[in-house]
Amino acid sequence: MSRNAKINALLLFVVAALAVLPLAFGMGDHKEEPFTGADSEAETAITEIEPDYEPWFSPLYEPPSGEIESALFALQAALGAGVLAYYFGLRRGRRQGELRALAQREDGQAPAAEAPVGAGGAAAGANRPTERA
C-alpha cells in the first residue's frame, strides 16, 4: 500500500469517525433539536442574554419550511464543491500538460499538436520545421 493510499484511508476513517461518534455517544440528546445550525444556537443564546434584542438585519428570503431551507443549503454546498473540484481539476490538468510538454522538449521531440488531419492524411503543419529550446 503506497503512502498516499495510507493517508487517504486514514483521512476517510477520521471523517467517518467525526460523522458517527456524535451519534454513537448521544451528544445532543439533552436538547429539543439536537442538530440545529449555528445560527439558531446563536439566536437562542442572544435571546437568553438580552430578551429585548432586535436584529439589525432580516433575511432576504425566508423559506416556508425547514426542509426547503435544508435543500437550499445542500444545493449551495454542492455548487461550491463543484466549483472547487473544477478549479483543482483544471489546475492539475494544466500542470500535467506543462510537465508533459517539458518532458517532450527534453527528449528532443516537438510537442504533440492537436491539429485536425488534412486531406493528405498528415496533420496540419507537419511539414514545418520545429523550434527547439
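Residues numbered from 1 in each chain as written. Predicted model: local features only at pLDDT ≥ 70, side-chain atom pairs only at ≥ 80, totals over all residues. Heavy atoms only, no water.

**Some points on the overall build of the chain**
For step 1, the next point in the chain: Helix and strand content of the chain: three helices and zero strands.
For step 2, the next point in the chain: Within the chain, the proportion of its 133 residues that are buried is 4%. (Helix = DSSP H or I, 4+ residues; strand = E, 2+ residues; numbered from the N terminus. Buried < 20%, exposed > 50% of the residue type's maximum accessible area, 1.4 Å probe, protein only.)

**So, helix H3 (residues 66–106)**
For step 1, the next point in the chain: An ideal rise of 1.5 Å per residue puts 60 Å on 41 residues; H3 measures up with 60 Å between its terminal C-alpha atoms.
For step 2, the next point in the chain: Downstream of H3 by one or two residues, Gly108 has phi in the positive range, about 85°. (Expected span 1.5 Å × (residues − 1).)

**Section: the confidence of the model for the chain**
For step 1, the next point in the chain: The share of residues in the chain with pLDDT of 70 or more is 80%, and the mean pLDDT across the chain is 82.
For step 2, the next point in the chain: Element-level pLDDT for the chain is lowest in helix H2 (residues 38–49), with a mean of 85, against a maximum mean of 93 in H3.
For step 3, the next point in the chain: Counted against residues more than four places away or in other chains, residues 121–126, with its pLDDT under 50, gives five contacts. (pLDDT = per-residue confidence, 0-100. Contact = heavy atoms within 4.5 Å.)

**Some words on a negative patch on the surface**
For step 1, the next point in the chain: There is a patch of like negative charges on the surface, built from Asp39, Glu43, Glu62 and Glu69.
For step 2, the next point in the chain: Within the secondary structure, Glu43 sits in helix H2. (Patch = residues over 30% accessible without salt bridge, like charges linked within 9 Å, V, L, I, M, F, W, Y side chains within 5 Å. Areas by Shrake-Rupley, 256 points an atom, 1.4 Å probe, with all protein chains shown as cover. Salt bridge = Lys/Arg side-chain N within 4 Å of Asp/Glu carboxyl O. Lys, Arg positive; Asp, Glu negative; His and termini not counted. Charge placed at Lys NZ, Arg CZ, Asp CG, Glu CD.)

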